[in-house]
Structure formats: C-alpha cells, structure tokens
Number of protein chains: 2
Amino acid sequence: MARLPIYQRLLLELVRSGTRTVSSEQLAQMAGVNASKVRKDLSFLGSFGTRGSGYDAEYLLTQIDRELGLDGDWPVAIVGIGNLGRALANAPGFTSRGFRVSALFDVEPSLVGTRVRGVPICHLDEFEAAVAADPPAIGVIATPPADAQHVADRMVRAGTRAILNFASRVLTVPAGVLLRNVDLSIELQVISFHLSHHEEGGDAGGGLVPPTVGPVGGPYGLARAEQ
Amino acid sequence: MARLPIYQRLLLELVRSGTRTVSSEQLAQMAGVNASKVRKDLSFLGSFGTRGSGYDAEYLLTQIDRELGLDGDWPVAIVGIGNLGRALANAPGFTSRGFRVSALFDVEPSLVGTRVRGVPICHLDEFEAAVAADPPAIGVIATPPADAQHVADRMVRAGTRAILNFASRVLTVPAGVLLRNVDLSIELQVISFHLSHHEEGGDAGGGLVPPTVGPVGGPYGLARAEQ
DNA sequence: TAGATTGTTAATCGATTAACAATC
DNA sequence: TAGATTGTTAATCGATTAACAATC
C-alpha cells in the first residue's frame, strides 16, 4: 500500500518523541487521511491494535518496517550523476535503513573517479564489471531521456530487479522487472492544469479528497488543509 | 487528468517527426495504457477525433496544451538551491512552454548572488521584496524538511496559488492553495515493498495494471512491458 | 460499400468511507 | 460498568475496460 511509507515516517517521529500509543484518529490527522482508511491500511498487516487504546507506536513501526522490507539490504546503483543524481545520492532516503548506494555511474570524464559520500563515480562503460561483485537490487536512472532505455537494458541484463526512472521517456522492461517513473515536469503540468481550471487556486488536490475537510493534493496525500 | 501530460509529450514527438494522424490504439501502445482509456481521456477535451482515421496529431496537441494551461505564463519560484533545487531550475520541464523560473532563494551566503540560467539566487530574507514585482504562481520547496512549513507559509502569504513540495514533511496550507508532494524516499520504499513481496521481481507495477499484458509500474503508467 | 476507428454506454473492478459490533 | 477504539462489513464512489453503434 502506497501510504505505508507515510505512516512509517510519522511513527518514527512519534517514537523518537517518546509516544507510546497512537490511535488511528491521531495517525489520520497527521497523515491527512480518513481514520477508516488508516485502520484498513494497518489491518492489512495484521491485527496489531488494541481496542480501546490504540496501537503501540514502536511495535507498529517495527511491523511496517518489516512489511516495507526496510529490514533488508537493498543496494542501489545510480546512473547519471548530474545535479539530480547527486541530490539522490545524498538524499536521506537513499542512505537510510534498508537502502545503500552501492555504485555511481556517469559518462562525463571530469566526474569519473570523484566520489559522492565515499562512493566513487565509475564510467558507464565499466558498468558490468563494477556491479558484478555487489549487484544492485534497484537501479536509478537520472540520465538524459535519450540514454535512459540503453541504461535500463544494461541494468536489466545485470540482474537489477527494479528501476526508478527519472528520465522523461517511456521505458520498456521485461515483465519480471518492476519499473516506477518520477517525472518532475509532469508534476508541474498537473499543477498548471489545476490552476487553469480553478480561478481562485482551489482545493483540487488532484481530485482525491473531499473539498471542505481534510487534506489537499499530492500523490501521497501528505498535506493537511487548515480548517 | 493525470495522463494528459504523457499524451502531450508523445504527441510533441510525433508532430516533430512529421506524423499527421494518430489512432487511440497507437497512442495507447506508446503510453503503455488501454486504448479505451485513451479515448475516454481525450473525449474529456471534446470530440476531436475522426472516426475511421484517428486524431490529427497537431490539432490534438494544441487542444491538450490549452487544457493543461501550457499556453499561459506560470512564473515559478524555487526555494532551496541545493543539488535538487539546482536540478529543478535546470530541468527542461521547468523552462519549457508555459513555465518560467522567476526567482531562486537560499540561505547559504556563498550561493546568494550567484546565478542559475541567468536567474540570481536571493537570500530567503528578501523573499517578499524579490517576488513583489513578479509574483510566482507556483512555489517549489526543495529545502530541508525542517524549513518547509515556514517557506510554504511565506509563499502563501505572497499569493502563491500552488506549491510543489519535495521536502519529506507533511505541510499545511489554506484550502485555496493547491499542494502536491513528491517524496523520493517514498518511491524507494514502494519499490522495497514490492521487491520483498515478489521473490522473482514481479510485475507488480504499483498494482495498477493486469499482470500478463500491458505496462508495468509507475505512478504515471509510462512503462511498457515487453510481450 | 467495406474497413477502420471514434465516442459512449454499461459492466466491472478496486478504493474509499461510514457505521457498528467486538472488545479492551 | 462506561468510554474508547479497533477490525470489518456493507455501501458508495470513481476509475477502468470491453463492447458496439455511429460514422468517417
């Protein structure tokens, strides 16, 4: 379920601030979603709540971590170390529990040999050799669109099981490989669409939420509207 | 509709390569979606197709551009010019038709006064003064999570009608302001979830598509699976 | 006319939500 | 026991898709 990572982050903050138990109503408020939805989402993991008092925050967090596979080790290879690739290599989400940046690649000679957070940037020509010892489970494509399919093909051949693509290009991968796309210009165009269709801004929020109460917008439903 | 930007990009390529007409079946193949869905999406704009032959690519592109508001002028202000902010300021999607990077902000003294693509980076303290002459329609937040809400508040006070938030923090905005969130670590966690639940990779694709045919994965449905 | 393809209907599917019995 | 909150059911809603009459 796409909302588990949101609950995970909220629970992490709660646990760190010393909260012992949390109700679905509280989590819903913080995530900006419906309490029924929170309970439905969490019941997907099993019956971890206690009627009358709520959920044990720490235990729930452990269960979500396990469900998300964050107790595993996912080596991540990033190809294309421009500003975006560099941002990703440095992002907390890419270096935190579960994930490990295992290899970086580019074709720019001045970049090859330099390091980002201790990981050396290799030339794309050395891709197969560089990943052989520590094959990445996840490949991240942050190249220009023209190179994206080629890079994806090499990742797939090297055994990568999932690809996160930031290039504005439709990619083709075999059925066994998971592909997710993030396109920053599409986000901007979705906003443009909503702005054009609501004279005074508006509560469009991707059309995912009721207009008068609750959160506005966002693919992850992270926002809360003020009352 | 969230797929219009995908059709827009595909049509732009088709028109540039000289294609005159395109069928819903062709567009569906290229976008990795169902042909019925394409026709349904396009009929939302009006009846622009011709039975028996398909859609006039150039005319359809014009209509989609208009629907997406790409014939307008959307000034974009970016706060937080780290690697991510810099990548965004340079991204084609942020400088192409419809959008214009109008102002950049950071709090790092060594950055203030430098330029990205000709746009000077101002100190965040000067935000109100800097945007007064050319108020941004869209604000982009690429700051650390701790600063995100503060920046959002200032954007809203300055009249920004939409915010694109890249910080891993739930933001609160008034009901009239459109908020969209992009969280890179959530994308990774979604992948981790699917990898943990499918021993041999798998065609999970966000669970949005049938397993044996058609596209895999991605919030935008950009991918095509090989047959 | 024959073939192709749209636009739209109706069926299906899955996600969301309110409601409430179960129960701490 | 009384109050609170879960887990789950059933209703609702919207999105997807197959099918096909309309029509170029």
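Just so it is clear, the structure is predicted and the values come from calculations on it, not from any experiment.

Draft legend 1. How the structure looks around helix α4 (residues 57-68) of chain B. Residues and elements named next belong to chain B. Taking 1.5 Å per residue as the helical rise, α4 with its twelve residues ought to reach 16 Å, and the 16 Å between its terminal C-alpha atoms agrees with that figure. All buried positions along α4 are accounted for by Ala 57, Leu 60, Leu 61, Gln 63, Ile 64, Asp 65, Glu 67 and Leu 68. Measuring from the side-chain oxygen of the N-cap residue of α4 to the backbone nitrogen of Glu 58 gives 3.1 Å; that N-cap residue is Asp 56. Remark: Gly 69 follows α4 within two positions and exhibits a positive phi of approximately 80°.

Draft legend 2. Molecular detail of the sheet that holds strand β1 (residues 21-22) of chain B. Residues and elements named next belong to chain B. The three strands are arranged β1-β3-β2 in an open sheet whose pairing can be described as antiparallel. Edge positions in the sheet fall to β1 and β2 (49-50), since each has one partner strand and no second. Alignment of β2 against strand β3 (residues 54-56), held across two bridges, turns out to be antiparallel. Of the residues in β3, the one forming a bridge with Gly 49 is Tyr 55.

Draft legend 3. Region of interest: the side chain of Gln 8 of chain A. Within the secondary structure, Gln 8 of chain A is located in helix α1 (residues 4-16). With relative accessibility at 8%, the residue Gln 8 of chain A sits in the buried group. Separated by 2.8 Å, the side chains of Gln 8 of chain A and Asp 65 of chain A make a polar contact. Beyond its immediate chain neighbours, meaning those up to four positions away, Gln 8 of chain A contacts Leu 61, Ile 64, Asp 65, Leu 68 and Leu 70 of chain A together with Gln 189 of chain B.

Draft legend 4. Highlighting the protein's contact with DNA strand D. Surrounding DNA strand D, one finds 23 residues, the nearest of these being Ser 24, Lys 40 and Tyr 55 of chain A together with Ser 36 and Arg 51 of chain B. When the atoms of DNA strand D within 4 Å of the protein are sorted by group, sugar and phosphate make up 58%. In this structure, Asn 34 of chain B approaches DNA strand D through a side-chain N or O atom, which is 2.9 Å from a phosphate oxygen. In this structure, Lys 37 of chain B approaches DNA strand D through a side-chain N or O atom, which is 3.3 Å from a phosphate oxygen. Residue assignment for the surface near DNA strand D shows that the elements contributing at least two residues are α3 (35-43), β2 (49-50) and β3 (54-56) of chain A together with α3 (35-43) of chain B. Here the surface near DNA strand D takes four residues from α3 of chain B, the largest share from any one element. Residues of the surface near DNA strand D, tallied by class, amount to three nonpolar, twelve polar and eight charged.

Draft legend 5. Summary view of the domain arrangement of chain A. The domains assigned to chain A are domain 1 (4-68) and domain 2 (74-182). Computed from C-alpha coordinates alone, the two centres of domain 1 of chain A and domain 2 of chain A are separated by 32 Å.

Draft legend 6. Spotlight on the protein's contact with DNA strand C. Close contacts around DNA strand C come from 22 residues, with Ser 36 and Arg 51 of chain A together with Ser 24, Lys 40 and Tyr 55 of chain B the closest. Sugar plus phosphate: this is where 58% of the atoms of DNA strand C within 4 Å of the protein reside. Between DNA strand C and Arg 39 of chain B, the relevant distance is 3.0 Å, taken from a base nitrogen to a side-chain nitrogen or oxygen of the residue. Between DNA strand C and Tyr 55 of chain B there is a distance of 2.8 Å, counted from a phosphate oxygen to a side-chain nitrogen or oxygen. Broken down by secondary-structure element, the contributors of at least two residues to the surface near DNA strand C are α3 of chain A together with α3, β2 and β3 of chain B.

Draft legend 7. Spatial organisation of the environment of Pro 174 of chain B. Summarising the element assignment, Pro 174 of chain B is placed in the loop between β10 (172-173) and β11 (178-181). Residues Pro 174 of chain B and Gly 54 of chain B, 120 residues apart in the sequence, show an inter-C-alpha distance of 43 Å.

Draft legend 8. Spotlight on unusual backbone geometry. Positive phi, normally seen in glycine, also occurs at Arg 117 of chain A, with a value near 55°. Note that Arg 117 of chain A resides in the loop between β6 (115-116) and β7 (119-123).

Draft legend 9. Spatial organisation of the packing of helix α2 (residues 24-31) of chain A against α3 of chain A. Residue and element names in this part refer to chain A. At a closest axis distance of 8 Å, the pairing of α2 and α3 adopts a crossing angle of 110°. Classified by the interaxial angle, the pair formed by α2 and α3 is roughly perpendicular. Facing Ser 24, Glu 25, Leu 27 and Ala 28 of α2, the residues of α3 in contact are Ala 35, Val 38, Arg 39 and Leu 42.

Draft legend 10. Here's a closer look at the nonpolar core. Formed by 112 residues in total, the largest nonpolar core has its most connected members in Ile 78, Phe 94 and Ile 138 of chain A together with Ile 78, Phe 94 and Ile 138 of chain B. Dropping the residues within four chain positions of it, Ile 78 of chain B is found in contact with Gly 85, Leu 88, Ala 89, Phe 94, Val 101, Ala 103, Leu 104, Phe 105 and Val 140 of chain B.

How each quantity is defined
Residues numbered from 1 in each chain as written. Chains lettered and ligands numbered in written order. Predicted model: local features only at pLDDT ≥ 70, side-chain atom pairs only at ≥ 80, totals over all residues. Heavy atoms only, no water. Helix = DSSP H or I, 4+ residues; strand = E, 2+ residues; numbered from the N terminus. Expected span 1.5 Å × (residues − 1). Buried < 20%, exposed > 50% of the residue type's maximum accessible area, 1.4 Å probe, protein only. Polar contact = N/O pair within 3.5 Å; in protein donor to acceptor, adjacent residues only side chain to side chain. Pairing = 2+ DSSP bridges. Contact = heavy atoms within 4.5 Å. Near = heavy atom within 4 Å. Nonpolar A, V, L, I, M, F, W, Y, C, P; charged D, E, K, R; others polar. Domains from an automatic or database assignment. Axes fitted to C-alpha atoms, helices over the stretch in contact; angles between N-to-C directions. Parallel < 35°, antiparallel > 145°, perpendicular 65-115°, else oblique. Core = buried A, V, L, I, M, F, W, Y, C linked by side-chain atoms within 4.5 Å.

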